[in-house]
Amino acid sequence: MTGLDVAFAAVGMLAAASGLLAVTTRHVVHAALWLVVCLGSVAGCYLVLGAEFVALVQLLVYVGAIVVLVLFALMLTRAPIGPNREVSTSRLHRALAAVLGAAVTALLGAALLPLAGPARPRVETPSDRLAGQVFGTWVWPFELLSLLLLVALVGALAVSRMVAPEPETPVVAADEPQDAAVDAGERA
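Summary of the structure given here. (Residues numbered from 1 in each chain as written. Predicted model: local features only at pLDDT ≥ 70, side-chain atom pairs only at ≥ 80, totals over all residues. Heavy atoms only, no water.)

Moving on, we get to the overall build of the chain. If you tally the helices and strands in the chain, you get seven helices and zero strands. Considering the chain as a whole, with its 188 residues, one finds that 13% of them fall into the buried category. Contacts spanning at least 24 positions in sequence make up 67% of the contacts within the chain whose residues lie at least 6 apart. Within the structure as shown, the chain displays about 14400 Å² of accessible surface, and the carbon and sulfur contribution to it stands at 71%. (Helix = DSSP H or I, 4+ residues; strand = E, 2+ residues; numbered from the N terminus. Buried < 20%, exposed > 50% of the residue type's maximum accessible area, 1.4 Å probe, protein only. Contact = heavy atoms within 4.5 Å. Areas by Shrake-Rupley, 256 points an atom, 1.4 Å probe, with all protein chains shown as cover.)

This is how it looks when you write it as structure tokens:
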């Protein structure tokens, strides 16, 4: 086992732990911050694997854009920051989720353990070829995603600026005294 294997395992465990904390915490802001740690750890995994360009794109696009968008949406919509008991799940659902998580872990372990063996030679991928794929082939999905995120941010801003309609009050003319308005209402 090499130092790169140990670094990859450590960063991968950090990504898995922070991802688990991101989906199990009851505080929405804490979940967003754990998501930052998880996505940063995934970028670290890419960095250990030698894909520096993908790690940089991971940091810029996901950590720098999407998480900031989530935090802005939370601030603009004045979402409840504390735990929300209305959307909490029962103990049975949590137990079922734990069993399904353990089953997925066992399945992945059974599929990936046979692949563990002697170290394989590292294949060098030039950054220009990878950039050509990302910004050539996949440029339109990235642009559509950025447009979708912009619409979501504008929608969050619009929702945060909405004012509840006030109940209608009787209109009294400014030149009419209050008693005359009451008398007029009684005569009608």
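So, about the environment of Phe72. You can see Phe72 is positioned in helix H3 (residues 52–76). It is 8.6 Å that separates the C-alpha atoms of Phe72 and Ala156, two residues lying 84 residues apart in sequence.

With that out of the way, let us pick up the environment of Phe142. Mapping Phe142 onto the fold places it in helix H6 (residues 139–161). We classify Phe142 as partly exposed; its relative accessible area is 30%. When the C-alpha positions of Phe142 and Val61 are compared, they lie 9.6 Å apart, and in sequence the two are 81 residues distant.

Attention now moves to a nonpolar patch on the surface. Judged by side-chain polarity, Leu144, Leu147, Leu150, Val151 and Val154 come together as a nonpolar surface patch covering roughly 490 Å² of accessible area. With respect to the helices, strands and loops of the structure, Val151 is situated in helix H6. (Patch = residues over 30% accessible without salt bridge, like charges linked within 9 Å, V, L, I, M, F, W, Y side chains within 5 Å. Salt bridge = Lys/Arg side-chain N within 4 Å of Asp/Glu carboxyl O.)

A separate point is helix H2 (residues 28–48). The end-to-end C-alpha separation of H2 is 30 Å, in line with the 30 Å expected for 21 residues at 1.5 Å each. Within H2 the residues assigned to the buried category are Ala31, Ala32, Cys38, Leu39, Ser41, Ala43, Gly44, Cys45 and Val48. Looking at the buried side of H2, the elements it contacts are helix H1 (3–24) and H3. The first or second residue beyond H2 is Gly50, which carries a positive phi of 95°. (Expected span 1.5 Å × (residues − 1).)

A few words now on the packing of H3 against H6. The contact between H3 and H6 brings their axes to 9 Å, and the two run at 15°. It follows from the interaxial angle that H3 and H6 lie roughly parallel. Where H3 crosses over H6, the two elements pack in a sense that is left-handed. Side by side, H3 and H6 meet where Ile66, Leu69, Phe72, Ala73 and Leu76 of the first sit next to Leu149, Leu153, Ala156, Leu157 and Ser160 of the second. A breakdown of the residues in the contact of H3 with H6 according to their chemical character gives nine nonpolar, one polar and no charged. (Axes fitted to C-alpha atoms, helices over the stretch in contact; angles between N-to-C directions. Parallel < 35°, antiparallel > 145°, perpendicular 65-115°, else oblique. Left-handed = near helix turned anticlockwise from the far one by under 90°. Nonpolar A, V, L, I, M, F, W, Y, C, P; charged D, E, K, R; others polar.)

This brings us to the side chain of Ser18. With respect to the helices and strands, the residue Ser18 is situated in helix H1. You can call Ser18 buried: its relative accessible area is 1%. In this structure the side chain of Ser18 is engaged in a polar contact, spanning 3.2 Å, whose partner is the backbone oxygen of Ala15. With near-sequence residues (within four places) excluded, Ser18 lies in contact with Trp34, Val37, Cys38 and Ser41. (Polar contact = N/O pair within 3.5 Å; in protein donor to acceptor, adjacent residues only side chain to side chain.)

Running from N to C, H1 and H2 point in directions that differ by 160°, and their axes come no closer than 8 Å. With respect to H2, the element H1 is oriented roughly antiparallel. Read as a crossing pair, H1 and H2 show a hand that is left-handed. Where H1 approaches H2, its residues Leu4, Ala7, Phe8, Val11, Gly12, Leu14, Ala15, Ser18, Gly19, Leu21 and Ala22 are matched on the opposing element by Ala31, Trp34, Leu35, Val37, Cys38, Ser41, Val42, Gly44, Cys45 and Val48.

Summed over all chains, the structure comprises zero disulfides. In this structure Cys38 is not part of a disulfide, and its nearest cysteine sulfur, from Cys45, lies 9.1 Å away. (Disulfide = S-S within 2.5 Å.)

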